[in-house]
Amino acid sequence: MTRVSDPAGVILRRYAQFVLDRLVTTVPALVVLVLGLRWTLHLPRGDDRMTPAYLTMAGFLLVVLVGNWFIEVWVPYRWLGGTPGMRFLGLRVVTERGETPGLRAYLIRWAMVIVDGYFFGLVGALAIAFSPRHQRFGDMVARTLVVRRG
């Protein structure tokens, strides 16, 4: 079983990784939102103005959803062993046995962000800080650990 050698260092890196990964997915979504709203505001007034506004919001939500799936599931599974934020901060995801996780584990971790994200991520942050192996709920269910690379 893989053990976390420096829990405090991993915990702080995980918090920073969360912020970095959210920036990677939020910035493109905000660009879609701003461009879409700008386009909507330049249309002539009337009932037809609502359709582009709905399309803009749908585009924003789609970019957020697909972006988060890409960053949290596809990138770690196919290329990096962790999200871009994890990679930048020297972290990676492993199973509790120290092996490379499968696609199912990454999907579970991603789906559990719904729980870990309560109260602006406070639930996940507290789980990482106080669980014995510094796991958020997604890691507990997927049976994965976040450890330092190397």
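Residues numbered from 1 in each chain as written. Predicted model: local features only at pLDDT ≥ 70, side-chain atom pairs only at ≥ 80, totals over all residues. Heavy atoms only, no water.

Peer 1: Please provide a residue-by-residue account of the overall build of the protein, values included.
Peer 2: A tally of helices and strands in the protein yields seven helices and two strands. Counting only contacts in the protein whose residues sit at least 6 apart along the sequence, the fraction spanning at least 24 positions is 70%. Carbon together with sulfur atoms contributes 69% to the accessible area of the protein, which is approximately 9300 Å² in total. (Helix = DSSP H or I, 4+ residues; strand = E, 2+ residues; numbered from the N terminus. Contact = heavy atoms within 4.5 Å. Areas by Shrake-Rupley, 256 points an atom, 1.4 Å probe, with all protein chains shown as cover.)

Peer 1: With reference to specific residues and values, describe the UniProt feature "transmembrane region" (unreviewed entry) in the protein.
Peer 2: Here the UniProt feature "transmembrane region" (unreviewed entry) sits at residues 23–41, 53–71 and 107–130. Span residues 23–41 is 100% helix and 0% strand, its end C-alpha atoms 26 Å apart. What you have in residues 107–130 is 92% helix and 0% strand, and the ends, taken at the C-alpha atoms, are 24 Å apart. (UniProt positions renumbered as here; feature names shortened; annotations may be inferred.)

Peer 1: Quick one: what's the story with unusual backbone geometry, residue by residue and with numbers?
Peer 2: With a phi close to 55 degrees, Phe119 is a non-glycine residue in the positive phi region. A residue is classified by how much of its surface remains accessible, and Phe119, at 66% relative accessible area, is exposed. Positive phi is not limited to glycine here, since His134 has a value of about 55 degrees. With respect to the helices and strands, His134 occurs in the loop between α6 (118–130) and α7 (137–142). (Buried < 20%, exposed > 50% of the residue type's maximum accessible area, 1.4 Å probe, protein only.)

Peer 1: Tell me about helix α4 (residues 103–111), and name the residues and values.
Peer 2: Given 3.6 residues per turn, any residue in an α-helix points the same way as the ones three and four places further on. Taken as a whole, α4 has its buried residues at Ala105, Tyr106, Ile108 and Arg109. Buried residues along α4 cover an arc of 160 degrees about the axis, so they all sit on one side. (Arc of directions from axis to C-beta.)

Peer 1: Residues and numbers for α6, please.
Peer 2: Within α6, burial applies to Gly121, Gly124, Ala127 and Ile128. An end-on view of α6 places all buried positions within 110 degrees of arc, on one side of the element. Projecting away from the buried face of α6 at angles above 90 degrees are the exposed residues Phe119, Phe120 and Phe130.

Peer 1: Any details on the nonpolar core? Residues and values, ideally.
Peer 2: Core analysis: the biggest nonpolar cluster contains seven residues, these being Val10, Val73, Met86, Leu91, Val93, Tyr106 and Val146. Once residues within four sequence positions are removed from consideration, Met86 is found in contact with Gln17, Asp21, Leu91, Val93, Arg109 and Val146. (Core = buried A, V, L, I, M, F, W, Y, C linked by side-chain atoms within 4.5 Å.)

Peer 1: Account for the side chain of Asp116, with residues named and values stated.
Peer 2: When you line up the elements, Asp116 lands in helix α5 (residues 113–116). Residue classification places Asp116 among the buried residues on the basis of a relative accessible area of 5%. A polar contact is formed between the side chain of Asp116 and the backbone nitrogen of Gly138, at a distance of 3.0 Å. Look past the residues within four positions of Asp116 in its chain and what remains in contact with it is Gly121, Leu122, Val123, Gly124, Arg136, Phe137 and Gly138. (Polar contact = N/O pair within 3.5 Å; in protein donor to acceptor, adjacent residues only side chain to side chain.)

Peer 1: So what's going on with the packing of aromatic side chains? Residues and values would help.
Peer 2: The geometry of an aromatic ring pair is captured by the separation of the ring centres together with the interplanar angle, meaning the angle of the planes. Taken as a whole, this structure holds three aromatic pairs when the rule is applied. Ring centres 6.3 Å apart and planes at 50 degrees place the aromatic pair Trp74 and Tyr77 in the tilted group. With a gap of three residues between them, Trp74 and Tyr77 both fall in helix α2 (residues 50–80), about one helical turn apart. By the ring-pair criterion, three or more aromatic residues cluster together here, those being Trp69, Trp74 and Tyr77. (Phe/Tyr/Trp six-rings, centres within 6.5 Å; stacked < 30°, edge-to-face > 60°.)

Peer 1: For the environment of Arg133, give the residues involved together with the corresponding values.
Peer 2: You can see Arg133 is positioned in the loop between α6 and α7. Along the sequence, Arg133 and Glu96 sit 37 residues apart, while their C-alpha atoms lie 9.8 Å from each other.

Peer 1: Account for a nonpolar patch on the surface, naming residues and giving values.
Peer 2: A surface patch of nonpolar side chains, amounting to about 530 Å² of accessible area, comprises Phe18, Val19, Leu23, Val27, Val31 and Leu35. Along the chain, the position of Leu35 falls in helix α1 (residues 7–41). (Patch = residues over 30% accessible without salt bridge, like charges linked within 9 Å, V, L, I, M, F, W, Y side chains within 5 Å. Salt bridge = Lys/Arg side-chain N within 4 Å of Asp/Glu carboxyl O.)

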